[in-house]
Each structure stands twice: as C-alpha cells, then as structure tokens.
Amino acid sequence: MGDPFSAEIYLKQNHMNIKRQKSKFTLLLCIYFIIFSPQVFAGKIDDFERDATKEKVEKRRTPSKTDKIKTTLGDEIASNCIGGCADVFLSKMISSLFINAAYFGVVSWHRSDSEESSLRPPYSEQDISIENRKLGQALIPIFRVDLCYQNVESDVEALDLRTEVGYGPVSIQARTTHYIEDQPDDNIDIHQAHLLYRMSIGDVFEIDLGMGGMILEGDDNNSGISFTTPFLYHPKDYFGIEFRPSWSSIKGNIIKDYDLDLLLGWRFISFRAGYRWLKSENESLSGPFVGLSLRI
C-alpha cells in the first residue's frame with residue numbers, strides 16, 4: 001500500500017494546479033473579450049445619443065429671505081420707467097423687423113418672377129429695380145440638393161443629404177445625416193425638416209427663418225422641435241459662403257447644429273468644403289466635410 005501522507009500531498013498539489021489553470025483561463029477569457037469584443041463598450045455615437053436625449057431633472061430653488069423683501073417705492077418707480085422705455089423700444093424694433101422681413105420676402109418673390117420689376121424699400125421715397133434670379137443660382141433655388149461626406153474621427157464618419165424645394169420666399173428643406181462608427185459598430189440617423197421663409201437682401205445675400213423638427217433615430221427614436229436661420233452670401237455665380245445654424249430641443253436638451261461652408265463652381269453646380277459642429281450639452285459629432293451642391 002502507498003504512503004497516505006504522500007497521497008495527501010499529491011492531492012493538494014493537484015488541487016492547486018487546477019486552481020491555477022482556472023485562474024489562467026479566466027484571465028485569458030477577460031483579455032479575449034477586451035480585445036475582440038469592443039462592442040460591449042459604449043462609443044462616441046452612443047454617448048452623443050444618451051446625452052442628447054437624457055431626461056431633464058427640474059431643480060427648484062428655495063426662495064431666500066432677500067427674495068421676500070418688498071421693493072421700495074423708489075424701486076417701483078424706477079422699474080416702471082425702465083420697463084416703459086423698454087416696451088417702447090421693443091415695440092418699435094419688432095415693428096421694424098416685421099416691416100423689413102415682409103419687404104425682403106416680397107423681394108424674393110419678385111426676383112423669382114420672369115419680368116423685371118421695381119420695389120420701394122421701407123422708409124424710402126424712391127423705387128429700386130430688382131434683378132431677376134437666373135436658373136441655377138444658389139440663392140432662393142427652385143430645387144437644390146446638397147451631398148457631402150464628413151469625417152468626425154478616425155473611426156466615425158457621416159454621409160449627409162439636404163434637399164430644398166420652393167419658390168420665392170417660401171420653401172421646404174429636409175436633411176438626413178447618417179453617422180457610422182467602426183469601433184464599436186454603431187450608427188445613428190439624424191433627420192431634420194424646416195419650413196423656410198426666405199428673404200433676399202439684394203441679389204447677393206439671403207437670410208432665412210425656419211421652423212420644424214428633428215428626429216434622432218439610434219438605439220431609440222426621439223424627436224423634438226427645431227429652429228434655423230441660414231445666412232447665404234453669393235457675390236458671384238462661382239463663389240459663395242453659407243452658414244446654416246439650427247437649434248433643436250429634445251426632452252429639454254438643446255442640440256446645436258452649425259454648418260459653415262465655402263462653395264466654388266458654376267451656376268448649376270458647386271463644390272462644397274467646410275466644417276460642421278453638432279453638439280449636445282456634453283458631447284459632439286463635429287468635423288470637416290466635402291461635397292457637391294446641385295440646383296435649378
């Protein structure tokens with residue numbers, strides 16, 4: 001018969017070897033998942049989607065003692081005077097804005113007409129001639145398509161499509177951007193649509209006012225309202241600068257989208273290059289882009 005003491009030592013050593021093998025296997029398994037399964041970790045697109053659609057917690061401030069102190073008679077008089085002056089100033093400014101906005105919208109309508117015309121600007125006694133828009137010009141287009149490729153990071157890129165259909169001062173624009181991330185494998189679609197009021201300031205400058213909405217289509221679908229004020233400057237048929245800012249709100253989160261680009265080309269087609277900033281409160285999907293603009 002064998003020595004019982006030696007057998008016990010052998011069993012203990014064998015048990016220790018098994019434990020060591022299990023530890024090595026567990027370690028190798030963890031390394032494998034870290035290296036070959038990056039999709040288990042959130043990426044830039046996921047971070048942006050969560051930040052842009054998070055639920056807002058409303059914080060209420062407890063009124064302090066100073067908030068409860070009543071204003072004096074002097075404070076009330078000063079407040080009424082300042083408030084009255086501010087009301088007069090704001091009413092005049094808003095009235096002026098509406099008058100000018102209406103006039104520049106009429107300019108857009110007349111520029112789209114086939115016949116030469118003249119208009120009298122606000123606060124002026126002289127009519128001025130309005131130059132008609134030529135087919136293919138970038139300002140107040142009848143139909144326009146913008147295509148571009150954007151590089152956000154080494155593993156994040158985007159394809160963007162914007163279309164605009166309208167006549168004179170009114171148009172509808174729709175935009176879809178498809179963001180793709182390689183590591184981890186992820187994507188998100190951002191859809192925007194706006195009804196635009198297009199104002200022609202002469203024949204080289206255009207300012208638009210637009211209201212609409214935004215949809216974020218990623219792990220979940222979320223939507224909200226959106227406002228935009230594009231600025232377009234095209235002194236020549238072959239050259240132009242455009243800035244298209246928009247502000248959207250989803251669940252109380254403000255999403256800023258700023259698009260600045262330079263256009264070089266001809267009347268019906270231009271090459272585009274610029275930079276787009278897409279930002280939520282703490283995250284962004286920003287980067288340079290290149291593309292084409294086609295219009296009639």
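Residue numbers run consecutively from 1 along every chain, following the written order of its sequence. Where totals are concerned, whole chains, interfaces and linings use all residues; where local detail is concerned, this predicted model gives features only for residues with pLDDT of at least 70, and gives and counts side-chain atom pairs only at 80 or more. Excluded from the side-chain calculation are hydrogens and water; included are all heavy atoms of the structure.

## So, empty space enclosed by the protein
We place a 1 Å grid over just the protein atoms. Points where a 1.4 Å probe fits but has no way out form a cavity, open points with protein on both sides within 12 Å along at least 5 of 7 lines form a pocket, and any residue with an atom within 4 Å of a point lines it. Grid points are joined across faces, edges and corners, and a volume is the space filled by probe spheres set on the points. One pass over the full model with this rule turns up two cavities of 30 Å³ or more. The calculated volume of the largest cavity comes to roughly 90 Å³. Every residue along the wall of the largest cavity is listed here: R162, Q173, R175, Q192, H194, T228, P230, R244, P245, S246 and D257. Strands here are runs of E lasting at least two residues and helices are runs of H or I lasting at least four, both read from the DSSP assignment and numbered beginning at the N terminus. Going through the elements one at a time, β5 (170-181), β6 (186-201) and β10 (239-250) are the ones with two or more residues in the lining of the largest cavity. Each residue receives one of three labels: charged for Asp, Glu, Lys and Arg, nonpolar for Ala, Val, Leu, Ile, Met, Phe, Trp, Tyr, Cys and Pro, and polar for the others, Gly being one of them. Residues that form the lining of the largest cavity fall into these classes: two nonpolar, five polar and four charged. What the second largest cavity holds in volume is close to 40 Å³. Taken together, R144, D146, D160, R162, R175, E242, R244, D259, D261 and R272 make up the full set of residues lining the second largest cavity. Classifying every residue of the lining of the second largest cavity by side-chain character gives no nonpolar, no polar and 10 charged.

## Points about the side chain of N222
In this fold, N222 is placed in strand β8 (residues 221-228). Whenever two N or O atoms come within 3.5 Å, that pair is a polar contact, provided that in protein one can donate a hydrogen and the other can accept it, and provided that, for residues adjacent in sequence, both atoms are side-chain atoms. Polar contacts involving the side chain of N222 include one to the side chain of K251, which spans 3.1 Å. Residue contacts are defined here by distance: any two heavy atoms, one from each residue, within 4.5 Å place the two residues in contact. Contacts of N222, omitting those with residues within four sequence positions, involve T53, M214, I215, L216, I250 and K251.

## Description of the packing of aromatic side chains
For Phe, Tyr and Trp, rings pair up if their centres lie within 6.5 Å, where Trp contributes its six-membered ring, and each pair is then called stacked (planes under 30 degrees apart), edge-to-face (over 60) or tilted (otherwise). Tallying each qualifying case throughout the model produces eight aromatic pairs. Taking the centre distance of 5.4 Å and the plane angle of 85 degrees together, the rings of W109 and Y167 count as edge-to-face. Pair noted here: W109 is in helix α3 (residues 73-112) and Y167 is in strand β4 (residues 156-167), with a separation of 58 residues, a long-range link. Both rings, one in W266 and one in F271, keep their centres 6.4 Å apart while their planes meet at 65 degrees; by these two values the pair is edge-to-face. With a relative accessible area of 55%, W266 lands in the exposed category. Connected via pairs of aromatic rings, a cluster forms that spans F227, F243, W247 and Y258. Here's how the labels work: a residue is buried when its accessible area is under 20% of the maximum for its type, exposed when over 50%, partly exposed in between, all with a 1.4 Å probe on protein chains only.

## Section: the layout of surface pockets
Estimates place the volume of the largest pocket at around 190 Å³. Q137, D203, H234, K236 and D237 are the residues nearest the centre of the largest pocket, which is lined by 16 residues in total. Considering every element that reaches the lining of the largest pocket, the biggest residue donor is strand β9 (residues 231-236), with three residues. For the lining of the largest pocket, the per-class residue count stands at five nonpolar, three polar and eight charged.

## Regarding the confidence of the model for the chain
For the chain, the average pLDDT comes to 81, and 68% of its residues sit at 70 or higher. A residue's pLDDT is the predictor's confidence in that residue, given on a scale from 0 to 100. Low confidence marks residues 33-41, where pLDDT is under 50. Its contacts with residues over four positions away, or in another chain, come to six contacts.

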